Amino acid sequence: SMTYGDWRLHDGIDIKGAIGDEIHAAGDGTVVAVSESATMGKTVEINHGNGIVAIYCGFKDINVKKGDTVKANDVIGTLGEIPCECVESVHLHFEVMKENTAIDPANIIGVNDDAAHGGK
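Residues numbered from 1 in each chain as written. Predicted model: local features only at pLDDT ≥ 70, side-chain atom pairs only at ≥ 80, totals over all residues. Heavy atoms only, no water.

(A) Structural detail: the side chain of His93. Position of His93 relative to the elements: it lies in strand 8 (residues 91-98). A polar side-chain atom of His93 sits 3.1 Å from a polar atom in the side chain of Asp14. Of the polar contacts made by the side chain of His93, one reaches the side chain of Glu95; its length is 2.7 Å. (Helix = DSSP H or I, 4+ residues; strand = E, 2+ residues; numbered from the N terminus. Polar contact = N/O pair within 3.5 Å; in protein donor to acceptor, adjacent residues only side chain to side chain.)

Here it is, written out as structure tokens:
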């Protein structure tokens, strides 16, 4: 963590972007929460079915509300910043839970492991 000056692991991946980039739903689902916290900023949680819930953090603007149905690739908002990672480059923090256990988001969105975990 450049923000905290130490080494930290988390259950998601960080997808680099720029302020205002569109954030798309990873799959069909239902918005189960829209919130804002001092650490993760604006957050959207989508239940994608089969016990899978995706957590999207780092919005500038959010286009959905709790209860909305989304389709894969729908624009759910635009990219902003994550307060607890304010020194890092702008990125979307993306977590995936299956039955309340973290799983590797790279497997869900179909990117290779190196790209998802800091490679080029």
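(B) Highlighting the pairing of strand 4 (residues 41-49). Sheet analysis places strand 3 (residues 29-37) next to strand 4, joined by seven bridges and oriented antiparallel. Following the sheet pairing, Ser35 is matched in strand 4 by Thr43. Here strand 3 folds back onto strand 4, and the loop between the two strands holds three residues. Sheet topology note: the strand 4/strand 5 (residues 52-62) ladder contains seven bridges and is antiparallel. Bridge assignment links Ile46 to a residue of strand 5, and that residue is Ala54. Counted along the chain from strand 4 to the antiparallel partner strand 5, the turn is two residues long, and its residue Asn50 has a positive phi close to 55°. (Pairing = 2+ DSSP bridges.)

(C) Inspection of the pattern of salt bridges at higher detail. Per the stated rule, a full pass over the model turns up one salt bridge. Between Lys65 and Asp68 there is a salt bridge; the shortest N-O distance is 3.1 Å. By relative accessible area, Lys65 is classed as exposed at 53%. (Salt bridge = Lys/Arg side-chain N within 4 Å of Asp/Glu carboxyl O. Buried < 20%, exposed > 50% of the residue type's maximum accessible area, 1.4 Å probe, protein only.)

(D) Broad picture of the layout of surface pockets. In this structure, the second largest pocket encloses a volume near 200 Å³. Ile15, Glu22, Ile23, His24 and Leu92 are the residues nearest the centre of the second largest pocket, which is lined by 14 residues in total. (1 Å grid on protein atoms, 1.4 Å probe; cavity = no way out; pocket = protein on both sides within 12 Å on 5 of 7 lines; lining within 4 Å. Points joined across faces, edges and corners; volume = space filled by probe spheres on them.)

(E) Molecular detail of the nonpolar core. Of all hydrophobic cores here, the largest spans 18 residues; its most connected members are Ile23, Val44, Ile46, Tyr56, Val70, Ile76 and Phe94. Elements that contribute at least two residues to this core include exactly strand 4, strand 5, strand 7 (75-79) and strand 8. Looking at this core, the element that brings in the most residues is strand 5, giving four residues. With five residues, the next largest nonpolar core counts Met40, Ile55, Cys57 and Met97 among its residues. (Core = buried A, V, L, I, M, F, W, Y, C linked by side-chain atoms within 4.5 Å.)

(F) Layout of unusual backbone geometry. The phi torsion at Asn50 lies on the positive side, around 55°, for a residue other than glycine. In this structure, Asn50 sits in the loop between strand 4 and strand 5. Of note in this structure, Asn100 is not a glycine but carries a positive phi near 70°. Exposure remark for Asn100: the relative accessible area of 73% places this residue in the exposed category.

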